[in-house]
Structure formats: structure tokens, C-alpha cells
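Here are the chains, one letter per residue:
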Amino acid sequence: MRKTGIVLLCFLGLVLFYFTFQSAGKVFRSNWEMPEHAIEPVNQHRLILITKNLDTPFWDQVAQGAREQAQKEGVSLEVWGSYGNNQDEFLKKIEVAIYSKVDGIIVQGMDSEEFNELTKIKASFYNIPIITVANDVPIEKSLRRTYVGSDQYLAGQMIAKQLLADMGPAGEVVLMSDSNQEYYQKQRLQGIQDGLKDYPDIHAVNVEISDSREQIISATQDVLNQKPDAEAFIAVNADFTGVIVQEISKRFQVEPYYIYSFDDGSDSLQLLEQGKLDGIIGQSPKTMGNVSAELIIKLLRDEEVPFDKEGYLTDIRMLKEKEAR
Amino acid sequence: MNRIQKKIWSLTLVVLFIMAIIWIALTYYNQKTQDQYNAILQRYLSLNEVTVASQDLITDLNDYLLQPSEANLTQVDASKANVQDAKGEILILKNKDNEFAMANYMNLIDSLTETADRSLMHHKQQETEASTNDFSEAARISNYISETTLTLIDTELKTYERLYRQVIEQSNELKRLGIWLLLLITFLLLLMTYWFSKSITKPVQKLTQSANELAKGRFDLPIKVESNDEISFLAETFDRMRVNINNLFLEIQEKAQLERELQQNKLLLKESQLKSLQNQINPHFLFNTLNIMSKKAYLEGAEETSDLLVSVAGLLRYNLKRLDKPVTLHEEVIVLKQYMEIQKARFTERLHLHMEIDEASLSVQIPGLTLQPIIENAVIHTIEPSEDGGNIWFRILDSENLVTIEIEDDGQGMVQEKIAQILGGDSEQTEGQSTGIGFSNVVKRLRLFYGLEDVIEIQSMQGKGTNVKLKIPKKRRNDEND
């Protein structure tokens, strides 16, 4: 009886000791360290990639490519930007980047007064090199060092060729582009129009729409009303693709229409997979990211100057419905 | 000494020690937490400081541009200095996670001061428009700084989230530790108090028990207290007292015993003396008469009768004189021989006496008239009842410490009860005794004389005979005592 009592007491004592020391250990032996204070000065180059279409598949790939390249080169790179084509925010980011005196800016070109002022005056003032990616703004306007991206004129021609192949040499074609007259859209339009100009039976109509969603919807409806014979639609601004398909499908079957677009719209690829589009121009966003980062790093390290002012063109191809699947 | 005091002190010290340890640990922990909190707060405060300083700069610059006075210019300069100070302070906040953002932030601050400077410069050169432009640019940069500050704080929160969670977890753990500690200390203190109090009260209890036993009169139980304090000292003293009392007690008992023995001895002597007194006149007369008769018989030529009468006279004289004094065995043997001659004359051929005597042992002291009653007993029970008579053996054997006297017969033997009676001293039969002294009287006297119970041994078998053995020590116990 007594023995059991003693054993029990010992056990109780041990248990209490164990838990107390366990607890004390947790309280006193914890790691309270603040994150290491980086003492050595940051000698790394700081690069910034700025886009106004964050979180779209196309730009995600560009960012990924650039990041990979930056990591490979041991340079820090951040991706900034605005969502859903928000231009004010986009411009603000560029301004902040310039005031922050980053070492290089890779930017989605936007052919506007403000943009050009920033790149031309501010960036030069702070001596920050700028490379446009995916969408170009001509060097005279923006003073950009170079351009990395697709040959938009060629892309337009490829679409025109495909259209001819699909529809035949006669019909009414609606081209839908931005009223902002972005440089890359102009080039695409030029390409398409040049591709079609040898075919008098093809009537190409260019509709210019400003950027808001309501505008696109109403413009599409107008076109459908005014041009009931239109057989083909080409979304020169890829962001319009979704609305066009939606509006057409409200009234008719989508299948008989020939609808073409580019892969830099947020839903282009998805629509192609669903069979709503007949073809899109596939670009190489990842390569763009890679190459642009590589070029700007070379520039910062004084390795390859001067640049090819015309730009470094990346691969494009026609993606058909079947291929996408 | 003062062991109990020491124990109390040590208990108190242990409790104090535990309390001190807990206090130190908690204070240390508290200090650590406080420092941590301060460091964290400091980070946010210094970030905020930048925003405030940059906004102040813009306000002051605006004031100056509107009202270009010396005082306002000083104010602007002071603000600029403030901004630079704040910038210096946030330098320590740089870490791996916010390296990029921090670099941007620093440059933004630089851009702000540069733009402010440019604005001032243009203002001095009277280029109002450029100055205003620069000012609005500076205001924009200041806004950007505010925004970036928020972003940085956000990053800070993310970076330190784990740490903050840890702090929360830590304080929870501290609560748990408090509970465990309370339990543990309670347990330990209870245990220690139990042992401590037991180590004091148990010896006291034992002592009380022993005192009770003593009070009841049991002096033979030793008092044992296992303890190392004053109580054990008390117990030892107490035990010594017990032993002393016990010894005194035993001594008194022994003395009482001796006194009683002496009394008995005297009583027995008186008894026999009384008996002999009863016959006192007669024996002297008889003694003289016997002597005359012996001479007469001798003169008349009856020599045998004369010898017999001499023996009877000798026996009588011995009987009268030697009862209260020790005699030597030699004297006893002579008397015995005289007695046996008388008996031989009585029983003639029926009595066969065999004697074996070790002469060396004859000097031993013995109470008077001890052998004769025994032999007589043998004669009465062996020769008298039998037509053919019988044998009596008488042996004296010497050994180292003892002289053994053996009287053996081949008569009808004794009943066990009778032996018990004789040895127990109950038998008072005096029938047929020539000297008036019975067997049991001999036994008692022998025992008293030597102070030993184990003096006589009687073995008997019905029909086969009796063997009486006296073991006489060569040294009397009383001699040793004297």
C-alpha cells in the first residue's frame, strides 16, 4: 500500500517535472530573432517589369520569363502594374519606378502622351533605360532603347492569310480596334489590310472603339445591326474578343462566323479551346520576358551596345482551333 | 544541536530559492518581451516618421513658395534635415525580404529632396512655372512615399507574421507554464512539508510511546529513535535512565530473593534444631549409657556388640552436634560407615553394601547429615521389604568441578509422584527415620547450601531400583560472593 503510494507520488512528480520543463523550454528557448538585417549594400541591379494587364495568362508568362532570366543573372526584378488595362495606375507605377531610380524598366508599351512624356523626359532625366515588351511604341516617341516582342505587322498578315484560306476571297470583314490608336494595333491593322488589299471582293470595315466595356458592347451591337452580312470578325485588340463572341452568340450561332484574335487577351486561349474562335495568333510571351530581361541586364553591364533599334522579334504562329485542343 | 531549527531554515531557504528562480526567470522573460515589442514598434514608428517628415517638407515648401521669407526657408531646410534623419533611421530596417522595396524607398526619399531643391532653385531664379511644376512633382513623390510606406508596413507585417504569431503563442505558453509551475511547486512543497513534519513528529511520537511503556512498568524495552536531531539525544538520555532503573530494580529483586532464602534456611535449621532439642536430654543420657554398655559388652567379651554400640553412640553424637555447620565429605563418609555397620548388624546377610570412594574428593564441603538420610531411605525401601535383602552401591566420583555422589539400590523403586514430591520439597514424612531428618529436608538444605537447584537427581524404575545422584560443586556459590 505504502509502496504503491510512493511509486504513484514519484510518477506524479515526474509527470509534473516533465511538463513544467517542457513548457519552460518552449517559453525560454524560443527563437525570437528578427529577420537578418542586410548590412552589405545592395549592389544588385533592380529591374522592374510594368504592365497594365497583370494576372492575365499572357503577361504571367512574360513575367515568369523575365523573372527566370533575372534569377539566372543574379539581378532582382519585380513585376508591377495595374489590373484590367487601368492606365492611370499603370502610369503612376512607371512614375514611381522612375522616382525610385531603378536601374532598368521593362514596360508594356502604351502609345499615349503621358507615357511618352514619362519615358522620354523623366526616365532620361534620371537616366533609366527603358525597353518595351510585347507592345511597342516607336523610338522617336518614347526614346525606348529597344523592343522585344512579336512583329505585329506580320501577325496581321498571317491573320489575313488565314482569313482568306478559311473564308475565301470574298466577304465582309469587321476589324475591331482601339480608338486610342495604339502603335501595335495600327501595325496589326496595317498588316491585315495589306494582306487583304489584293482581294477587291473582300470588304474590310474598321471599327474603332474606346476602351470601356459598355462601349465595346454597344459598338459590337451596332456593327451587327449595320452589317448583317459580315462574315468575319477580327479583334485587333485582343481584349475585345470575349465581348464580340458574347454579343454574336446572343443573336446567332457563333460557328458560321470567322472570328480571329490574338493571344494577349485575357480570354483568347480559352475561347479558342471552346471552339468559339477560328484562330488566334500565338506569340511567345515567355521568350519576350527572357529576352527583354537579358537585354536590359546586358545593357546595364555595358555588354551589348548599341541595340538593334528596330527591336528583337520573337516567334509568332497561327493557332487553329484543332491545334489548341 | 539546534537541528530542528536547521531543518526549518532549510525548508524556508528552499522555498525562497524557488521563488527567487521564478522571479528572475519571469523578469528576464518580461524584459526580453518588452525589448522585442519595443523593437517592433520602433520599426513601424520610424517608417511612419518618414511619411510625416516628407509631408512636412511639402507643407513647408508650399509655405515658402507662397511666402518666400527667411524664416520659411529655414523651416524648409529643417524639414529636409528631418527627412534625411528619418531616412537614416530606416536604414536598419533593411532585410532580405524588403531589400528591393527599401532601395526604392530610399531613392524615392532622395528624389523628393532633389525635387524640392530644384523647386527652390527655380524659385530663386524667378522661374515660377518650373518651380511650381517641381513642387507638384515633389507633392506627388511625397504621396508615393506615403503609399510605399504603407506597402512596406504591409511587407513588414508579412515578414514578421510568423514572429508575431510566435509572440502570441509564447504568451499562451507562459500561461500554461504558470499553471504547471503552480502545480509542481504545490506538489513539492506538500511533499517536503510532509517529510519535514514527519521527521520531527515521528521521533516525538516514538518517545511518547516509550514513555508510556515505562510508565506501565516495562523497563526491558529498549528505546530506539532513528533521528538526527535533539529528539534522538532526548531518547538516548531517556534510554540510559531506563537501563539504570532496570538495573536498580533487578538488584533490589535479587536482594529480596537472597533475603528470602536466608529466612528459609533459618527456618529449616530451627525446625531440625527444635526436633533435636525435643530429644536433647535423652540423647545425652543415651549417649553415656551406650558408652557404658559398649565398655560392658567389651568386658563381657561381646566385642561385636561393643563395636555396634560405639557406632550407635558415634552416630548419635554426630547427629547432635553437626547439623548447623558444614562438614567435610570425609566426616560424612565415616558417619555413613558407622550407620551402615548398625544396619548390617540388623540385616546381617540381607544387606550388601558396595562402596567406591575416590579419596581425593573427600575434602569437599557439605552440609551435615545429608548422605545418611538418603542411604537410610535406600535401606528402608530396598532391604526392609525384601526377604532376600538387596544391594546398595555407594560411589563418590571426582571430576573437574563436581564431586558426584551416587547412591544406587536394586529395590522396588520409587513412584514418579514421590520423586516429584521429594524434589519439590513437599514430602514431610518422617516415618522410620533414625536421625529425624527426611529426604526432602536434605534436598532443601543442599539447594540452599549451594544456591543451586540442580544439585540432586533421582532416577527410578518400578521393581528395578533407584539411583540418587548428588552433584556437589567443589566451590560454593556463596564463597564466590563473599
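Residues numbered from 1 in each chain as written. Chains lettered and ligands numbered in written order. Predicted model: local features only at pLDDT ≥ 70, side-chain atom pairs only at ≥ 80, totals over all residues. Heavy atoms only, no water.

## Digging into the overall build of chain B
Across its full length, chain B holds 12 helices and seven strands. Taking 2.2 N^0.38 as the reference for a compact globule, 482 residues should give roughly 23 Å; the C-alpha atoms of chain B span a radius of gyration of 64 Å, well beyond that estimate. Each principal axis of the C-alpha atoms in chain B carries an extent, and together these give about 200 × 40 × 35 Å. In chain B, buried positions account for 39% of the 482 residues. Counted over contacts in chain B with a minimum sequence separation of 6, partners at least 24 positions apart contribute 71%. Put simply, chain B shows about 28,200 Å² of open surface, and 57% of that area lies on carbon and sulfur atoms. Of the charged side chains in chain B, 52 are positive and 68 negative; the average position of the first set lies 8 Å away from that of the second. (Helix = DSSP H or I, 4+ residues; strand = E, 2+ residues; numbered from the N terminus. Rg over C-alpha atoms; globule rule 2.2 N^0.38 Å. Buried < 20%, exposed > 50% of the residue type's maximum accessible area, 1.4 Å probe, protein only. Contact = heavy atoms within 4.5 Å. Areas by Shrake-Rupley, 256 points an atom, 1.4 Å probe, with all protein chains shown as cover. Lys, Arg positive; Asp, Glu negative; His and termini not counted. Charge placed at Lys NZ, Arg CZ, Asp CG, Glu CD.)

## Describing the overall build of chain A
Broken down by element type, chain A carries 12 helices and 12 strands. Since a compact globule built from 325 residues should have a radius of gyration of about 20 Å, the 28 Å found for chain A marks it as more spread out than a globular shape. Along the longest, intermediate and shortest principal axes, the C-alpha atoms of chain A span 110 × 55 × 30 Å. Burial statistics for chain A: of 325 residues in total, 51% are counted as buried. Sequence-distant contacts in chain A: of pairs separated by 6 or more residues, those separated by 24 or more amount to 74%. In the form shown here, chain A has an accessible surface area of approximately 15,300 Å², with 51% of it arising from carbon and sulfur atoms. For chain A, the centre of its 33 positive side-chain charges and the centre of its 49 negative side-chain charges are spaced 9 Å apart.

## Some remarks on the interface of chain B and chain A
Each partner contributes to the interface: chain B provides 49 residues, whereas chain A provides 41 residues. Carbon and sulfur atoms make up 65% of the surface buried where chain B meets chain A, a total of about 3,900 Å² over both sides. On inspection of chain B and its partner chain A, the count reaches five salt bridges. When contributions to the side of chain B that touches chain A are tallied by element, the ones reaching two or more residues are helix 1 (3-66), helix 3 (99-124) and helix 4 (128-216) of chain B. Counting residues per element, the side of chain B that touches chain A draws most heavily on helix 4 of chain B, which supplies 23 residues. (Buried area = accessible area lost by both parts, 1.4 Å probe. Salt bridge = Lys/Arg side-chain N within 4 Å of Asp/Glu carboxyl O.)

## Some remarks on the domain arrangement of chain A
Residue and element names in this part refer to chain A. Each assigned domain of chain A is listed with its residue range as follows: domain 1 (46-150 + 285-314) and domain 2 (152-283). Between the C-alpha centres of domain 1 and domain 2 the distance comes to 28 Å. In this assembly, 19 residues from domain 1 lie in contact with 12 residues from domain 2. Surface buried jointly by domain 1 and domain 2 totals about 1,300 Å² across both partners, of which 44% is contributed by carbon and sulfur atoms. Taken as a group, Phe58, Asp111 and Ser150 account for 34% of the area that domain 1 buries against domain 2, more than any other trio of residues on that side. Inspection of the region where domain 1 meets domain 2 yields one salt bridge. The residue Glu182 makes a salt bridge to Lys52 at a minimum N-O spacing of 3.2 Å. The interface formed by domain 1 and domain 2 contains five residue pairs in polar contact (both at pLDDT 80 or more). Broken down by secondary-structure element, the contributors of at least two residues to the side of domain 1 that touches domain 2 are helix 2 (57-73), strand 5 (146-150) and helix 11 (285-300). (Domains from an automatic or database assignment. Polar contact = N/O pair within 3.5 Å; in protein donor to acceptor, adjacent residues only side chain to side chain.)

## Notes on the packing of helix 3 of chain B against helix 4 of chain B
Residues and elements named next belong to chain B. At a minimum axis separation of 8 Å, helix 3 and helix 4 run at an interaxial angle of 160 degrees. It follows that helix 3 is roughly antiparallel to helix 4 by the angle criterion. In the crossing of helix 3 with helix 4, the sense of the turn from one axis to the other is left-handed. Residue composition of the contact of helix 3 with helix 4, grouped by class: 13 nonpolar, nine polar and three charged. (Axes fitted to C-alpha atoms, helices over the stretch in contact; angles between N-to-C directions. Parallel < 35°, antiparallel > 145°, perpendicular 65-115°, else oblique. Left-handed = near helix turned anticlockwise from the far one by under 90°. Nonpolar A, V, L, I, M, F, W, Y, C, P; charged D, E, K, R; others polar.)

## Quick notes on the nonpolar core
Core analysis: the largest hydrophobic core is formed by 50 residues, its most contacted members being Ile50(A), Ile94(A), Ile105(A) and Ile90(B). Elements that contribute at least two residues to this core include exactly strand 1 (46-51), helix 3 (87-99), strand 3 (104-108) and helix 4 (113-125) of chain A together with helix 1, helix 2 (70-90), helix 3 and helix 4 of chain B. Considering every element that reaches this core, the biggest residue donor is helix 3 of chain B, with nine residues. Once residues lying within four places of it in the same chain are set aside, the contact partners of Ile94(A) are Ile50(A), Val107(A), Phe115(A) and Leu118(A). Core analysis: the next-biggest nonpolar cluster, separate from the first, contains 43 residues, Val333(B), Leu362(B), Phe439(B) and Ile456(B) among them. (Core = buried A, V, L, I, M, F, W, Y, C linked by side-chain atoms within 4.5 Å.)

## Re the domain arrangement of chain B
Parsing chain B into structural domains produces domain 1 (3-201) and domain 2 (322-481). A straight line from the C-alpha centre of domain 1 of chain B to that of domain 2 of chain B covers 123 Å.

## Remarks on the sheet that holds strand 7 (residues 465-473) of chain B
Residues and elements named next belong to chain B. Here five strands make up an open sheet; going across it, the order is 2-4-5-7-6 and the pairing mixed. Two strands bound the open sheet, and with one partner strand each, they are strand 2 (351-357) and strand 6 (456-461). For this sheet, the mean angle separating the axes of adjacent strands, direction not counted, is 10 degrees. Across the sheet, helix 8 (residues 329-347) is in contact with strand 2, strand 4 (390-398) and strand 5 (402-409); its angle to strand 2 comes to roughly 165 degrees. (Pairing = 2+ DSSP bridges.)

## Brief notes about the environment of Ile4(B)
Residues and elements named next belong to chain B. The topology assignment puts Ile4 in helix 1. For Ile4 and Ile200, which are 196 residues apart along the polypeptide, the C-alpha to C-alpha distance reads 7.4 Å. Once you skip the residues sitting within four places of it in the chain, Ile4 turns out to touch Ile200, Asp229, Glu230 and Ile231.

## Brief notes about the packing of helix 6 (residues 152-167) of chain A against helix 7 (residues 183-196) of chain A
Residues and elements named next belong to chain A. The N-to-C vectors of helix 6 and helix 7 enclose an angle of 40 degrees; their axes lie 7 Å apart at closest approach. Looking at the two axes, helix 6 sits oblique to helix 7. Considering how the two elements wind past one another, helix 6 and helix 7 form a crossing that is right-handed. Each of Gln152, Tyr153, Gly156, Gln157, Ala160, Leu163 and Leu164 in helix 6 lies in contact with helix 7, whose residues at this interface are Tyr184, Gln187, Arg188, Gln190, Gly191, Ile192, Asp194, Gly195 and Leu196. For the contact of helix 6 with helix 7, the residue count by class is seven nonpolar, seven polar and two charged.

## Things to note about the pattern of salt bridges
Residue and element names in this part refer to chain B. Scanning the model with the defined rule gives 37 salt bridges over all chains in all. For the salt bridge of Arg43 with Glu156, the shortest nitrogen-to-oxygen distance reads 2.8 Å. Highlighted residues: Arg43 in helix 1 and Glu156 in helix 4, separated in sequence by 113 residues. Note on accessibility: Arg43 and Glu156 belong to one class, buried. A salt bridge links Lys158 to Asp154; the nearest nitrogen and oxygen atoms lie 3.6 Å apart. In this pair, Lys158 and Asp154 are both assigned in helix 4, four residues apart and thus about one turn of the helix distant.

## Quick look at the pairing of strand 2 (residues 76-81) of chain A
Residues and elements named next belong to chain A. With five of its six residues buried, strand 2 lies for the most part within the structure. As paired strands, strand 1 and strand 2 are joined by six bridges and run parallel to one another. For Thr51, the partnering residue across the bridge sits in strand 2 and is Gly81. Regarding the hand of the β-α-β motif, the stretch spanning strand 1, helix 2 and strand 2 is right-handed. (Right-handed = clockwise from strand over helix to strand, strands pointing away.)

## Remarks on the environment of Val102(A)
Looking at the element boundaries, Val102(A) is found in the loop between helix 3 and strand 3. Once you skip the residues sitting within four places of it in the chain, Val102(A) turns out to touch Arg46(A), Ile48(A), Ala97(A), Ile128(A) and Asn104(B).

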